[in-house]
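Residue-level structure breakdown
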Amino acid sequence: SWGWSQKSLQIDGLMTDQTLRVQALEQVQWLNGTQDAVIYVDDGKLIKMDIPSGTKTTLLTLDNLNKKLEPLGAKELRRFPTITVDEDALFFFAGRRYFKYNLTTKKLSQQLEMPDSTDNWTVAPDKLKASYNRDGVLMMLNKKTETQVSTVTGDGLVDGRSIHRNEFGIRTGSFFAPNNRKFAFYSMDERMVSKYPLMQLDKPIMTVQTTRYPMAGDTSHQVQVGVYDMTTKKVKYLHLDNASDDYKTNLTWHPSSQSIYLTLLTRDQKTLQLCRYYATTGVLMDVLLEEHNDRYVEPEHSPVFLPKNPERFLWFSERDGYQHLYLYATDGQFIRQITQGEWIVNEVIGFSADGDRVYFTATKDSPLEINLYVTTVNKPGKIERITKASGVHRVTMSANGRYFVDRYSNPQTPAVVQIIDDKGVVIKQLLKSPNPLADYTLGKVEIGTLKAADDSTDLYYRMIKPYNFDSSRQYPVIVYVYGGPHTQLITNSWMNGANLFFHYLSQEGYIVWTVDSRGSANRGFDFESVIHRNVGLNEVADQMRGVAYLKSLPYVDTTRLAVEGWSYGGFMTISLMLKNPGVFKVATAGGPVIDWKWYEVMYGERYMETPQNNPDGYEQASLLNYVQNLQGHLLVIHGGLDATVVPQHSLEFLKACIAKRKQVDFFLYPTHEHNVRGADREHLYHKLFDYYQTHL
């Protein structure tokens, strides 16, 4: 729909105007146990809906919850807290206090209270214990008794937090055993890693906030894994090479709580081993499997144990070029490959009640979509698609495997939340969001393909045309780019993955263009790893194929091309402008990587190896070597507290521009990190739009 109406988007409101938001249901989750029922928060009420009758019951209102909290001395809640469901009870934090609400008795009771000056709270499965950090020291709380877990403390020693700069899918640092008797934790020694200064404007005289930042090729941190026994109150460490800076990733407990599985990845990220350790002694039991790739191996998933046979597990691997599932026994015996094809498995959702069928999301039918599928585990079987509607689906499964909560969107559907059965039949629709943009003058979105620079690979592009598009006119074009790993910009989801700012630009007379070049996500290992040792080469060539297509269109003003991107996209933006002088009149780059030797170890070395063993690759990628090619108008933007792409990148680029007598524009967001978030993002949008209006 071209939407010929009177409403126009305004920058002031793109982030704050709630009428522009797609409707959503909050906290949709299954009541576990034997009940076929979901709960969700809607309009200040916690609703339970039975499946398949569709009967709805209000379990609790925010007003009633606050009335129950008041006698316990808790502060009033302005919105429903994040709830965890366990059997017949709800658990949630209110401030530092952890509460239980019994759904049968309607009684509220306090389980735990986290001490002042603590953070990183992790609650045990029994909801009666928790771990947390105080000044970098790992502590344990058992009801009201506090115990120090860390055996060695000091500056640069960190226990119980996520490690390796959150690479490899790691999001936590404490892992409670299923039986609640032990918990494992990461113990990181960063004392050998350089401190990096970031300036904070929190006092009349600026203060320095430091972060440990290991740059590519430099000394990295060392990690151990400790296991705390809640009975003996002692720590045993897994028998690892304590002097090694290899990576210890994807820690998980065996369901029996007797052993721990850990993926060991070499510093060069080319070889991994999945290892099993005795939880009591820390002794290595087995090396269950090993994988090697001359580019890199990237473990992002832990073993998934079969619920009916925990002596078998599923393993995610890209060994055949696409991320698929493999079945192993816990003694390391390879049984068979579960899925295969030129598509990827995203996530294991769960298993059927008999354990013989595994449900998973994947890109099997289109790299632009994510759908739910099922296949057999214990014998070869066909793969069946469960979700029927086209689009990008997020799915959660009931405990007995009979039903699924299916959340999806597509270009015609802003959001649907529904219950489906294991055949994909819709049992109940919980939400279908109206189009919040129906009355706005939005331009037409076109999706298509073009050939990459290798002349064989298909690349997807997205073009947003002005709503009153006239093919006899010529329009300026803004190329929005990322082009790096773990990101896919074009999908068959709402707005095809675009955002409201792109539509605002289109509304104001710009064509907005995007290509997912080689190097981006969800197209397989060869597609994504083409950047290895030479970032900014193949993906730049692919983006220029997109530019060549734009130049072939009679309605594109080839003298008014701009390019915009952030982070890896910022690196790509400046690469495109400097390596193709004169093509782009304007460029805006946020948080750009300027020289990869200043980027962090884990991500940087995975794709570029080290400066010591890949000097030519680093030299080719360094944007400092192309400053003399700068033509046109370039705006560089950076967050003053950016601990991902540290501000040094942009500052060194400014130095080089001064030395080469090249004019460049620069803007700093002093209190922001690697991106500009919240209401301040509207300021960023104004900054970008004004720059395009002035120079494009």
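Look above for the structure.
A few points on the structure. (Residues numbered from 1 in each chain as written. Predicted model: local features only at pLDDT ≥ 70, side-chain atom pairs only at ≥ 80, totals over all residues. Heavy atoms only, no water.)

1. Structural notes on the overall build of the chain
- If you tally the helices and strands in the chain, you get 9 helices and 43 strands.
- The principal-axis extents of the C-alpha atoms in the chain amount to approximately 70 × 60 × 60 Å.
- Going through the 696 residues of the chain one by one, you find that 57% of them count as buried.
- Charge centroids of the chain, computed over 75 positive and 78 negative side chains, lie 4 Å from each other. (Helix = DSSP H or I, 4+ residues; strand = E, 2+ residues; numbered from the N terminus. Buried < 20%, exposed > 50% of the residue type's maximum accessible area, 1.4 Å probe, protein only. Lys, Arg positive; Asp, Glu negative; His and termini not counted. Charge placed at Lys NZ, Arg CZ, Asp CG, Glu CD.)

2. Let's talk about the sheet that holds strand S25 (residues 309-317)
- Read across the open sheet, the 4 strands follow the order S24-S25-S26-S27; overall the sheet is antiparallel. Lying at the two open borders of the sheet, with one neighbouring strand each, are strand S24 (304-306) and strand S27 (334-337). This sheet shows a mean twist of 30° between the axes of neighbouring strands, independent of strand direction.
- Looking at chain direction, S24 and S25 are connected through 3 bridges and run antiparallel. (Pairing = 2+ DSSP bridges. Axes fitted to C-alpha atoms, helices over the stretch in contact; angles between N-to-C directions.)

3. Notes on the packing of helix H2 (residues 500-507) against helix H9 (residues 680-695)
- Two numbers describe how H2 lies on H9: the axes approach to 12 Å, and their chain directions differ by 30°. In terms of their interaxial angle, H2 and H9 are classed as roughly parallel. Seen from above, H2 lies across H9 with right-handed handedness. Residues Phe501, Tyr504 and Leu505 of H2 form the contact with H9, whose participating residues are Tyr685, Leu688, Phe689 and Tyr692. (Parallel < 35°, antiparallel > 145°, perpendicular 65-115°, else oblique. Left-handed = near helix turned anticlockwise from the far one by under 90°. Contact = heavy atoms within 4.5 Å.)

4. Notes on the side chain of Asn492
- Inspection of the secondary structure assignment puts Asn492 in the loop between strand S38 (475-480) and H2.
- There is a polar contact of 2.6 Å between the side chain of Asn492 and the side chain of Glu369.
- Not counting residues up to four positions away in its chain, the partners in contact with Asn492 are Leu368, Glu369, Ser390, Gly391, Val392, Ser409, Asn410 and Pro411. (Polar contact = N/O pair within 3.5 Å; in protein donor to acceptor, adjacent residues only side chain to side chain.)

5. Observations regarding the sheet that holds strand S2 (residues 37-42)
- Taking strand neighbours across the sheet as the criterion, the 4 strands line up as S1-S2-S3-S4 in an open arrangement whose pairing is antiparallel. Edge strands, defined here as strands with exactly one partner in the open sheet, are strand S1 (26-30) and strand S4 (56-61). Here the average twist between neighbouring strands, direction ignored, is 20°.

6. Concerning the nonpolar core
- With 105 residues, the main nonpolar core has Phe584 and Trp596 as its most contacted residues.
- Those residues in contact with Phe584 that sit more than four places away from it in its chain are Val479, Met544, Val547, Leu561, Ala562, Val563, Leu576, Met577 and Gln631.
- Within the second largest apolar cluster, 37 residues are counted, among which are Ile163, Phe175, Val223 and Met602. (Core = buried A, V, L, I, M, F, W, Y, C linked by side-chain atoms within 4.5 Å.)

7. What to know about the pattern of salt bridges
- This model, assessed by the stated rule, comprises 31 salt bridges.
- A salt bridge links Asp229 to Lys182, with the shortest nitrogen-to-oxygen separation between them at 3.6 Å. Note that Asp229 is positioned in strand S18 (residues 222-229) and Lys182 in strand S15 (residues 182-189), a separation of 47 residues in sequence.
- On the basis of relative accessible area, Asp229 is assigned to the buried category, the value being 18%.
- The closest approach of N and O atoms between Arg191 and Asp189, which form a salt bridge, is 2.8 Å. (Salt bridge = Lys/Arg side-chain N within 4 Å of Asp/Glu carboxyl O.)

8. A word on the packing of helix H4 (residues 538-551) against helix H5 (residues 568-579)
- Here H4 crosses H5 at 65°, and the two axes come no closer than 10 Å. The angle between H4 and H5 falls in the class roughly perpendicular. The two elements H4 and H5 meet at a crossing, and its hand is right-handed. In contact with Glu539, Val540, Gln543 and Met544 of H4, H5 contributes Tyr568, Phe571, Met572, Ser575 and Leu576.
- Partitioning the contact of H4 with H5 into residue classes produces 6 nonpolar, 2 polar and 1 charged. (Nonpolar A, V, L, I, M, F, W, Y, C, P; charged D, E, K, R; others polar.)

9. Notes on the packing of aromatic side chains
- One pass over the structure, following the stated rule, counts 41 aromatic pairs.
- Judged by centre distance (5.6 Å) and plane angle (50°), the rings of Phe183 and Tyr228 are tilted. Of this pair, Phe183 sits in strand S15 while Tyr228 sits in strand S18; the two residues are 45 residues apart in sequence, bridging distant segments of the chain. Tyr228 carries the same exposure label as Phe183, and that label is buried.
- The interplanar angle of 55° and the centroid separation of 4.7 Å between the aromatic rings of Tyr480 and Phe502 together place this pair among those described as tilted. Of this pair, Tyr480 sits in strand S38 while Phe502 sits in helix H2, placing them 22 residues apart in sequence.
- Taking the relative accessible area as the measure of exposure, Tyr480 reaches 19% and is therefore buried. (Phe/Tyr/Trp six-rings, centres within 6.5 Å; stacked < 30°, edge-to-face > 60°.)

10. A word on the side chain of Asp229
- Here the side chain of Asp229 touches Thr231 through a polar contact of 2.8 Å, landing on its backbone nitrogen.
- When near neighbours in sequence (up to four residues on either side) are disregarded, Asp229 contacts Arg181, Lys182 and Lys234.

11. Topic: the layout of surface pockets
- Computed from the structure, the largest pocket encloses a volume of approximately 1,200 Å³.
- Around the largest pocket sit 43 residues that line it, and His164, Arg165, Asn166, Ala643 and Thr644 are the ones nearest its centre.
- Elements with a contribution of two residues or more to the lining of the largest pocket: strand S13 (157-159), strand S16 (195-200) and strand S17 (207-212).
- Here the lining of the largest pocket is composed, by residue class, of 16 nonpolar, 15 polar and 12 charged. (1 Å grid on protein atoms, 1.4 Å probe; cavity = no way out; pocket = protein on both sides within 12 Å on 5 of 7 lines; lining within 4 Å. Points joined across faces, edges and corners; volume = space filled by probe spheres on them.)

12. Some thoughts on H5
- Along its 12 residues, H5 runs 16 Å from first to last C-alpha, staying within 8% of the 16 Å computed at 1.5 Å per residue.
- Among the 12 residues that make up H5, 11 are buried, leaving the element largely enclosed by the rest of the structure.
- Where H5 is concerned, the buried positions are Tyr568, Gly569, Gly570, Phe571, Met572, Thr573, Ile574, Ser575, Leu576, Met577 and Leu578. (Expected span 1.5 Å × (residues − 1).)

13. A look at the pairing of strand S40 (residues 556-566)
- Across the 11 residues that make up S40, a large majority, 8, are buried.
- Summarising the sheet, S38 and S40 pair through 5 bridges and their orientation is parallel. Note that in S40 the partner of Ile478 across the bridge is Ala562.
- Note: S40 against strand S41 (residues 586-590), 5 bridges, orientation parallel. Bridge pairing in S41 places Val563 opposite Ala587.
- For the segment spanning S40, H5 and S41, crossover handedness is right-handed. (Right-handed = clockwise from strand over helix to strand, strands pointing away.)

14. What to know about a nonpolar patch on the surface
- Among the surface-exposed residues, Met199, Leu201, Met206 and Val208 lie close enough to one another that they form a single nonpolar patch of about 370 Å² accessible area.
- Along the chain, Met199 turns up in strand S16. (Patch = residues over 30% accessible without salt bridge, like charges linked within 9 Å, V, L, I, M, F, W, Y side chains within 5 Å. Areas by Shrake-Rupley, 256 points an atom, 1.4 Å probe, with all protein chains shown as cover.)

15. Structural notes on the pairing of strand S6 (residues 89-94)
- In terms of burial, S6 is largely enclosed, as 5 of its 6 residues are buried.
- For strand S5 (residues 84-86) and S6, the ladder comprises 3 bridges, and the chain directions are antiparallel. The residue bridging Thr84 from the neighbouring strand is Phe91, located in S6.
- Connecting S5 to the antiparallel partner S6 that follows it, the hairpin turn spans 2 residues, and Glu87 within it adopts a positive phi of roughly 55°.
- The pairing of S6 with strand S7 (residues 97-102) spans 6 bridges and is antiparallel. Paired with Phe91 across the two strands is Lys100, which belongs to S7.

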